[in-house]
Amino acid sequence: MIVETASGKIRGDGGVFRGVPYACQERFQLPMPVSAWAGVRDALKPGPAAIQPRALIEPVVGPVPLPQSEDCLSLNVFTPSVTGSRPVLVWIHGGAFLTGSSGLDMYDATRLSQEADVVVVTPNYRLGVFGFLPLEGVAPPNLGIADQLAALEWVRDNIAAFGGDPGRVTLAGQSAGAQSALTLWSAPRAQGLVHQLALQSAPVGLRPQTPQQAAANAGQYLDAVGLDPSRARELSKMPTARLLDGLAVLATHHNGRSTLAFQLVVDHDLVADDLIDAARPGLAMVSWTRDEVRAYDQTVPQKQIDQRTTAIFSGDLPRLAKQLGPDTTLLRFDWAVPGNPYGACHCIDIPFLFGTQDNARGAGMLDGAPDGLPDVDDLRRVWAQFLHGERPVIDSPLFTAC
């Protein structure tokens with residue numbers, strides 16, 4: 001199947017187009033439009049993942065077995081038909097702004113697209129040092145969010161050719177992807193590009209960094225790669241392997257986690273200082289999992305899991321729901337594999353959205369799961385209702401209306 005985009009023709013496999021470039025970039029620079037190409041470009045496999053280290057929760061969700069490259073600004077499109085005009089879902093992957101890729105098999109949206117009769121778009125964006133390390137005079141803040149905005153602009157300009165309606169776009173994501181979606185929901189430059197909002201496991205208890213906090217973290221990273229601030233520009237030419245090595249050194253400053261250094265930064269442009277207060281009213285669906293932080297710690301008592309899940313993920317959701325307005329649906333995902341130590345942890349709802357449990361190879365959260373889970377469509381039915389502008393009916397043993 002061949003579709004013509006604003007940059008040129010692409011060839012997909014049935015209704016699936018993978019690795020479609022939506023922007024291009026130079027290191028530490030804002031995304032730029034893609035140059036047009038002649039002939040027909042194959043869109044048959046995912047584009048490379050952004051440069052990244054091994055994920056902290058890889059044992060929970062599985063590895064990222066994809067090539068990596070700084071040239072990572074591509075997206076995947078899943079459509080039931082290139083004719084007609086149906087709702088569009090733009091879904092942003094998570095990974096603490098440090099890891100992940102839209103090309104993972106667990107994020108294959110073929111089944112969701114067909115069952116819900118929607119066009120699904122899943123973009124990559126720059127991560128870690130390349131997307132979220134602000135350095136004055138070297139790298140502006142929130143480059144990864146600027147990439148996501150460029151993807152939304154690509155959807156506006158091209159999605160009709162894939163059978164999608166650019167006037168009915170739901171922006172969604174999970175974890176850092178949900179925080180990204182909430183960020184863009186309030187960003188003035190994204191107005192008109194997004195019409196509904198869906199959040200999975202948004203860490204609403206974590207506010208964006210202040211510029212001062214970001215500068216301190218950036219200084220620690222420079223120390224980790226052996227540079228003083230006067231030599232920060234050398235990062236622009238530094239080999240990627242050395243940039244990644246700096247993450248391991250930086251982790252020693254953050255209790256073994258370098259993720260805390262690479263987060264949203266308040267810039268009063270794309271990122272507000274309080275994402276909840278900045279959220280505009282609108283049709284929204286917000287969910288979390290019962291045992292979110294069990295993905296990070298399987299040994300502490302359930303009371304501590306509940307407290308930390310509340311502090312990071314669910315405690316501020318009533319305030320967010322009030323800000324979004326009366327058309328907000330709240331639900332908690334409760335299903336877990338019986339006896340599995342991860343419980344209803346962070347990310348366990350994702351394969352139920354996409355129907356990809358059989359693709360989630362190496363995901364410890366699904367160890368011991370019964371056969372036939374890809375056919376359990378309870379969550380996809382809820383999302384289908386929402387994506388088509390309806391108030392979802394929450395009636396399933398998998399989750400609870402809140």
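Residues numbered from 1 in each chain as written. Predicted model: local features only at pLDDT ≥ 70, side-chain atom pairs only at ≥ 80, totals over all residues. Heavy atoms only, no water.

Undergrad: Explanation requested: the overall build of the protein chain in the structure shown.
TA: Helix and strand counts for the protein chain come out as 12 helices and 12 strands. A compact globule built from 402 residues should have a C-alpha radius of gyration of about 21 Å, and the protein chain, at 20 Å, falls within 12% of that. Put simply, the protein chain has 402 residues, and 59% of those count as buried. When contacts within the protein chain are restricted to residue pairs at least 6 apart in sequence, long-range pairs at least 24 apart make up 76% of them. Carbon and sulfur atoms form 51% of the exposed surface of the protein chain, whose accessible area is close to 15,700 Å². Here the protein chain contributes 31 positive and 41 negative side-chain charges, whose respective centroids are spaced 2 Å apart. (Helix = DSSP H or I, 4+ residues; strand = E, 2+ residues; numbered from the N terminus. Rg over C-alpha atoms; globule rule 2.2 N^0.38 Å. Buried < 20%, exposed > 50% of the residue type's maximum accessible area, 1.4 Å probe, protein only. Contact = heavy atoms within 4.5 Å. Areas by Shrake-Rupley, 256 points an atom, 1.4 Å probe, with all protein chains shown as cover. Lys, Arg positive; Asp, Glu negative; His and termini not counted. Charge placed at Lys NZ, Arg CZ, Asp CG, Glu CD.)

Undergrad: Explanation requested: the side chain of D165 in the structure shown.
TA: Take D165: it is sitting in strand 8 (residues 164-174). At 2.8 Å, the side chain of D165 forms a polar contact with the backbone nitrogen of G167. Each residue touching D165, except ones within four places of it in the same chain, is listed here: S85, R86, V88 and I159. (Polar contact = N/O pair within 3.5 Å; in protein donor to acceptor, adjacent residues only side chain to side chain.)

Undergrad: Even after reading the chapter, I still don't get the pattern of salt bridges, so can you show me in this structure?
TA: Where charged atoms from two side chains of opposite charge come close, those side chains can pair. Tallying each qualifying case throughout the model produces 21 salt bridges. Salt-bridge contacts for D117 lead to R86; the nearest nitrogen and oxygen are separated by 2.9 Å. Of this pair, D117 sits in the loop between helix 2 (110-116) and strand 7 (119-123) while R86 is found in strand 6 (residues 86-92), placing the two residues 31 residues apart along the sequence. Using a relative accessible area of 34% as the deciding quantity, one classes D117 as partly exposed. The class of R86 is buried, set by a relative accessible area of 12%. Residues D291 and R290 are paired through a salt bridge, measuring 2.9 Å at the closest nitrogen-oxygen approach. For D291, a relative accessible area of 3% translates into the label buried. R290 gets classed as partly exposed once you look at its relative accessible area, which sits at 33%. A single salt-bridge network, built from bridges that share partners, covers R111, E115, D375 and R380. (Salt bridge = Lys/Arg side-chain N within 4 Å of Asp/Glu carboxyl O.)

Undergrad: For this particular structure, what's the right way to read the nonpolar core?
TA: For soluble globular proteins, nonpolar side chains are generally found buried alongside one another. Y221, L235, F262 and L320 are the most contacted members of the largest nonpolar core, which totals 86 residues. By residue number, the principal contributor to this core is helix 4 (residues 143-158), which donates 8 residues. Setting aside residues no more than four positions away along its own chain, L235 makes contact with R27, F28, L133, L135, Y221, L222, V225, L227 and L243. Of all hydrophobic cores here, the second largest spans 45 residues; its members include I57, W91, A172 and A295. (Core = buried A, V, L, I, M, F, W, Y, C linked by side-chain atoms within 4.5 Å.)

Undergrad: Before we go on, may I ask you to explain the side chain of T170 in this structure?
TA: Within the element layout of this structure, T170 appears in strand 8. Looking at T170, its side chain comes within polar contact range of the side chain of Q196, at 3.0 Å.

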